Structure formats: C-alpha cells, structure tokens
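Single-letter residue listing:
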Amino acid sequence: MFSKEIQCIIVYIRWGNEKSMKKIVIYNLCVVILTIILICIILFSKKDKIKKYEKNPVLGNKETGTLFDPYVVEFEKTLYMYVSNRKEKCIDVYTSTNGIKWENKVTVLHSNLQSGWENDVNRCCVIFEDNKYKMWYTGQQKGISKIGYAEGNTPYKFERIQEEPVLCPEEEYEKVAVMNPYVIWDNQKNVYKMYYAAGENYEPDVISYAESKDGIKWEKHKNNPIYKASDNKNDFDSYKVGACEVKNINGMYYMFYIGYTDINTAYIMCAKSKDGLTGWEKVQEQPLIKPSKYGFDKDACYKPTVFLDKKENKLKIWYNGRNNQEEYIGMAVYKF
C-alpha cells in the first residue's frame, strides 16, 4: 500500500511543476498518514475489546493452592462461583456482587472414596430448575473421568442422587474421560442439554453433546463429537479443544472453550453456530484470551465461564490461569 503512494510522489516530482508537486506531495503524505492512523485505530480497537482485570487473579493464592475450572452463575442477584479445589479434592463455592471480590467460601461437594469412581471431584456446573439446585460434576479415579449428579435445596450443599455416574466414557472418541459438563434447560424442547469434553484424562480432546429428560439418563448425540481441533496448524486450537460453555446471544449460539496448541499451552477461544450443534465458525478476534508475558497466567489460560451483564453491556469472563504448577482464577471483560 505504502510503496504505491511513494511511486506516485516520485512520478509527480519528475513531471509536475513546482506548485503541483508540492500539492501532490502534501496530498499523498496525508493519505499515507491517514492510512497509518486508520490501521492503528482498527488494531487498538480490537485489542481493547477484551481487557483483563489489572489486579488478577481475583481468586486464589498460596494459601488456597490451585483453584481451577470455575463456573459462575447468578442466583437472586448474587454471583456464585463454583470452583475445583485441587488441594482438598472437592468443589467449593464463593459469592460476589461485582465478580471481582469473592468471599464466603463453602465446600459444597466432597470426594467419595467409597463409590469406586470419584476419589476426586471437580469441574461442575449448577442450575436452578424445578425448585432445586442441580449440579453435574466430574468424578475421577484411576485415570478415568465420569460425570455425576447431585441436588440441593440451597446453592451451598448438595447430595448425590445415586451412587453411579450419569455419564461414562463408552465411545471411541471419549477414550477414558467425559468431563466438564455444561448443562442448560431448554423450555421449548423440555430437555436438558449437556455439552461436555471427552478424550484423554489429563486434557480432553473434543467437545460432545447429549440430551436428557430428567438430567440423569442421557442420550449422546449421534454425530458426536460436535467440535474438534482445527485442521489448520496455525490456529490456536490445532492440538485439542475442551471445557466449553455455550450461550445463546441474540439468537446465535456462542461456544467459549479452551483451545490448545500443545499439551501445555492453552487459550480461550470462541465459535458461533445457528443451532448450537453444527456449522461452528470462529469469531474474528482469536484468541479471546491468551497467556500474559508475566503474571499468574503466563503459561496457559483454561476453562472460561461467562456471564452476560446486560446492565453494563459487557461479557464478563472468568478463567483459570497457570504459572508453572500454580493455577488461580482471573477475570476479563469483553465490551460490545
């Protein structure tokens, strides 16, 4: 672009008179300057759409140990963050009014050493339906991950409804793990919809889908997995994908998920679909969140959980960032 403008200036210098030459030089310099300014505006406007909270992390420190795979939901104008506690192998909940200051820690679900499949519990989601708080969570034991179900009368305490898991790795694409359940209730179809990660136990490989009438007996989608790693080796999700949340925003389904370039490097990605199952396309700004040069998330950014703040016209995103072996919860804001 710039070389053409320079060539024009040279041509007019050679063949134009002095006055014309000055006008043309000024004109073309203005064009070049305005072009540079426009490019800068476009670049900086894209960069500023996603902004990490300057005092991250918002939850977690040396005392808590690693906190990972958060899930944020609003009940009665209060934000609840359900988070996996690696040190204690349990699921905790914290509350907040602004998404930044989290307090009032309560352990809502402990591991169950007697069940045979959940020596560790983590990676949950919670919804309120039929006057019950309903939780789907990941149970892990002997290198295998399964999904369990629990209910509560309050958002602070949950009891298992049955001893057996409600979803197990059975299909070839699921390998040894089904985890990170994200469940929504569809009023029109009268079904629960679950998006879940599947594949390897350390980091899953694909995103799959299932439906249920009661939240306990699930039917897996016949065309699973519904989302895989990219075939383009230059993409930020060319190695694996996993741990998603799906939001219906203005009639379009947006999937916020983890994209991996290798086993140790992860980014927060986003794709959209008209039906929430097929035709997924990445949004323009990729990745949404990437590791910082320094700080709590310098190595990887995992598990996005998303809250649409309609009052502030912002999308608030929480995620767990990793620096070496430590993982804490950070926050970022997307401005529409």
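Residues numbered from 1 in each chain as written. Predicted model: local features only at pLDDT ≥ 70, side-chain atom pairs only at ≥ 80, totals over all residues. Heavy atoms only, no water.

J.: I tried to follow the overall build of the chain on my own but got confused; where do I start?
T.: Each helix and strand in the chain was counted, giving 2 helices and 20 strands. Summarising the internal contacts of the chain: among those between residues at least 6 apart in sequence, 45% fall at separations of at least 24. When the accessible surface of the chain is split by element, carbon and sulfur atoms take 51% of a total near 18,000 Å². (Helix = DSSP H or I, 4+ residues; strand = E, 2+ residues; numbered from the N terminus. Contact = heavy atoms within 4.5 Å. Areas by Shrake-Rupley, 256 points an atom, 1.4 Å probe, with all protein chains shown as cover.)

J.: Would you explain the sheet that holds strand β15 (residues 252–262) in this entry?
T.: Within a beta sheet, neighbouring strands are joined by backbone hydrogen bonds and run either parallel or antiparallel to one another. An order of β14-β15-β16-β17 is seen for the 4 strands of this open sheet, with the pairing classed as antiparallel. Two strands in the sheet have a free side with no partner beyond their single neighbour: β14 (240–249) and β17 (281–282). As paired strands, β15 and strand β16 (residues 265–273) are joined by 9 bridges and run antiparallel to one another. Note that in β16 the partner of tyrosine 257 across the bridge is methionine 269. (Pairing = 2+ DSSP bridges.)

J.: What exactly am I supposed to notice about the layout of surface pockets here?
T.: Using a probe with the size of a water molecule, rolled over the atoms, empty space left in the structure can be pinpointed. In this structure, the largest pocket occupies an estimated 710 Å³ of space. Lining of the largest pocket is provided by 22 residues; of these, Tyr182, Ile184, Val246, Lys247 and Asn248 occupy positions nearest its centre. Looking at the lining of the largest pocket, the elements that each hand over two or more residues are β2 (67–75), β10 (177–186), β14 and β18 (300–309). Per-class residue counts for the lining of the largest pocket are 14 nonpolar, 2 polar and 6 charged. (1 Å grid on protein atoms, 1.4 Å probe; cavity = no way out; pocket = protein on both sides within 12 Å on 5 of 7 lines; lining within 4 Å. Points joined across faces, edges and corners; volume = space filled by probe spheres on them. Nonpolar A, V, L, I, M, F, W, Y, C, P; charged D, E, K, R; others polar.)

J.: Would you mind going over the nonpolar core with me for this structure?
T.: Core analysis: the largest hydrophobic core is formed by 52 residues, its most contacted members being Tyr82, Met135 and Trp136. Those residues in contact with methionine 135 that lie beyond four places of it in its chain are Tyr82, Ile91, Val108, Leu109, Cys124, Cys125, Val126, Gly148, Tyr149, Ala150 and Phe158. One finds Phe256, Leu288, Ala332 and Tyr334 within the second-largest nonpolar core, a separate group that totals 17 residues. (Core = buried A, V, L, I, M, F, W, Y, C linked by side-chain atoms within 4.5 Å. Buried < 20%, exposed > 50% of the residue type's maximum accessible area, 1.4 Å probe, protein only.)

J.: Even after reading the chapter, I still don't get the side chain of threonine 66, so can you show me in this structure?
T.: The residue threonine 66 is located in the loop between β1 (50–52) and β2 in this model. Using a relative accessible area of 11% as the deciding quantity, one classes threonine 66 as buried. At 3.5 Å, the side chain of threonine 66 and the backbone oxygen of glutamine 325 are in polar contact. Once residues within four sequence positions are removed from consideration, threonine 66 is found in contact with Ser84, Asn85, Arg86, Gln325, Glu326 and Glu327. (Polar contact = N/O pair within 3.5 Å; in protein donor to acceptor, adjacent residues only side chain to side chain.)

J.: Can you walk me through the pairing of β2 in this structure?
T.: A regular strand places its side chains on the two faces of the sheet in alternate fashion. Counting buried positions along β2 gives 8 out of 9 residues, so the element sits mostly inside the fold. Where β2 and strand β3 (residues 78–85) come together, 7 bridges link them in antiparallel fashion. By the bridge assignment, phenylalanine 75 is partnered in β3 with threonine 78. The turn joining β2 and β3, which pair antiparallel and follow one another in sequence, is formed by 2 residues; a positive phi near 50 degrees is taken by glutamate 76.

J.: Sorry if this is basic, but what is going on with the environment of aspartate 299 here?
T.: Assignment of secondary structure puts aspartate 299 in the loop between β17 and β18. Residues aspartate 299 and alanine 266, 33 residues apart in the sequence, show an inter-C-alpha distance of 7.8 Å. When neighbours within four sequence positions are excluded, aspartate 299 is seen to be in contact with Asn264, Thr265, Ala266, Pro291, Arg322, Asn323 and Asn324. A distance of 2.6 Å separates a polar side-chain atom of aspartate 299 from the backbone nitrogen of asparagine 324.

J.: Just to check I follow, could you spell out the packing of aromatic side chains for this structure?
T.: One pair of aromatic rings is described through two measures. These are the centre distance and the angle between the planes. On inspection of all chains with the given rule, the structure shows 18 aromatic pairs. When the centroid spacing of 5.9 Å and the interplanar angle of 35 degrees are considered together, the rings of phenylalanine 296 and tyrosine 319 count as tilted. Placement of phenylalanine 296 in the loop between β17 and β18 and of tyrosine 319 in strand β19 (residues 314–323) is noted, with a sequence separation of 23 residues between them. There is no split in this pair, since phenylalanine 296 and tyrosine 319 are both buried. (Phe/Tyr/Trp six-rings, centres within 6.5 Å; stacked < 30°, edge-to-face > 60°.)

J.: In this structure, what is going on with the pattern of salt bridges? I would like to understand it.
T.: A side chain of one charge can pair with a side chain of the opposite charge when the charged atoms of the two come close. Considering all chains together, one arrives at 24 salt bridges under this definition. Between aspartate 205 and lysine 240 there is a salt bridge; the shortest N-O distance is 2.4 Å. One end of the pair, aspartate 205, is in the loop between β11 (191–199) and β12 (206–212); the other, lysine 240, is in strand β14, and 35 residues separate them in sequence. Residue class for aspartate 205 comes out buried when judged on its relative accessible area of 15%. (Salt bridge = Lys/Arg side-chain N within 4 Å of Asp/Glu carboxyl O.)

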